[in-house]
Amino acid sequence: MRLVFVHGISQEGKSENLIKAEWLASLENGLGQPGITDVLEVRAPFFGDALSRSAGAQFDGTVAQGQSADANERTFLAAALSEQAQAAGASAKIIALEERALAEEGGASVASQGFPMDRRLNAILRIIERLSPLHGAVCMSLLKQAYAYLKRPGVNNIVDAIVRPVLDAAPAVVVSHSLGTVITFKLLRQLALEGRPLRVPLYVTLGSPLPLMAVQAALGPAFTVPTGVEHWLNAVDPDDLIALGRGLDAANFTTGIHNLLDIRNIRGNPHSIEGYIGDKRVSQAIIASCGR
């Protein structure tokens, strides 16, 4: 059985071979069995550079006025960041107060001028920075690339042209992380709708932003386990704001998904692939399924 890894954000400058080496090392470390993956056929379609070029300038810590001319993108970012801030413990009232404080710092009259979207984004980012060990820059980088993939014309075609042929080649255990979970879900759903479902004994989603309502709205329905997926394992670190620290279930996505909600990732980065795929329960499930 093939093993397919589909990476997420911040992988620019890497390669398929480097992604494979990093993920397999963490997987073997989780099992405590060096070399156990040597016999596996492993693919890791690499799209990091192509997506980065298509998504535009990387986030540098603040949203400059007029940085994005796309009003739809700014609306998407604000909605998703608000979800993440509230998942970190901020109430809607706290977010509104932070927005007003930032506007006043900039000398804006909220009442007469309305609230500039760039300042609203920065206000929410300031809250996330204070409340979460996963800093706002990581959330923002993920969301900018997610928006580019889901809504910017042509970007999804560039990424899909790299990932889909690998998925479509033959049955596979599919392990995805971060934005890779959105890409693989969309492609597996698409293959099923085309009447060509891929047999996937195990589909693993790690640190997935699929619970975000903003992502779901951009992705579009239906939210069901794609035909061909025999078992779906979703793993979440409670401090991972990319995943809102929560699982995928009937309340926010669909039924039929097995959630691990107590992953303890590496110190300082609850969104890291290292701690996700290195969790013994995750790595054991992957290796067991590769023999099916």
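Parameters and conventions
Residues numbered from 1 in each chain as written. Predicted model: local features only at pLDDT ≥ 70, side-chain atom pairs only at ≥ 80, totals over all residues. Heavy atoms only, no water. Pairing = 2+ DSSP bridges. Helix = DSSP H or I, 4+ residues; strand = E, 2+ residues; numbered from the N terminus. Contact = heavy atoms within 4.5 Å. Axes fitted to C-alpha atoms, helices over the stretch in contact; angles between N-to-C directions. 1 Å grid on protein atoms, 1.4 Å probe; cavity = no way out; pocket = protein on both sides within 12 Å on 5 of 7 lines; lining within 4 Å. Points joined across faces, edges and corners; volume = space filled by probe spheres on them. Nonpolar A, V, L, I, M, F, W, Y, C, P; charged D, E, K, R; others polar. Parallel < 35°, antiparallel > 145°, perpendicular 65-115°, else oblique. Buried < 20%, exposed > 50% of the residue type's maximum accessible area, 1.4 Å probe, protein only. Right-handed = clockwise from strand over helix to strand, strands pointing away.

**Concerning the sheet that holds strand β4 (residues 203-206)**
Argument step 1. Taken together, the six strands give an open sheet; going across it, the order is β2-β1-β3-β4-β5-β6, and neighbouring strands pair in parallel fashion. Of all strands in the sheet, those bounded by a partner on one side alone are β2 (42-43) and β6 (257-260).
Argument step 2. Pairing analysis gives two bridges linking strand β1 (residues 2-6) to β2, with the strands arranged parallel. Along β2, the bridge assignment pairs Leu3 with Val42.
Argument step 3. Packing of helix α9 (residues 179-193) onto the sheet brings it into contact with β1, β3 (172-177), β4 and β5 (232-235), and relative to β3 it is tilted by some 140°.
Argument step 4. Sitting on the sheet, helix α12 (residues 280-290) is in contact with β1, β3, β4, β5 and β6, with an inclination near 155° to β3.

**Comments concerning the layout of surface pockets**
Argument step 1. By volume, the largest pocket is sized at about 210 Å³.
Argument step 2. Ile9, Ser10, Gln11, His177 and His271 are the residues nearest the centre of the largest pocket, which is lined by 15 residues in total.
Argument step 3. When its residues are assigned to classes, the lining of the largest pocket shows four nonpolar, nine polar and two charged.

**Thoughts on the packing of helix α2 (residues 48-55) against helix α8 (residues 155-167)**
Argument step 1. Contact geometry for α2 and α8: axes closest at 10 Å, N-to-C directions at 180°. With respect to each other, α2 and α8 are oriented roughly antiparallel. Residue-level contacts link Ala50, Leu51 and Ser54 of α2 to Val155, Ile158, Val159 and Ile162 of α8.

**Regarding the pairing of β3**
Argument step 1. For β3, the buried fraction is high: six of the six residues fall into the buried class.
Argument step 2. Judged by which residues are buried, β3 turns out to be covered on both faces: Ala172, Val174 and Ser176 on one side and Val173, Val175 and His177 on the other are all buried.
Argument step 3. Taken together, the five bridges between β1 and β3 define a ladder with parallel strand orientation. Bridge assignment links Val4 to a residue of β3, and that residue is Val174.
Argument step 4. Bridge analysis of β3 against β4 gives four bridges, and the strand direction is parallel. What sits directly across from Val175, in β4, is Val204.
Argument step 5. In this fold, the crossover linking β3 to β4 by way of α9 has right-handed handedness.

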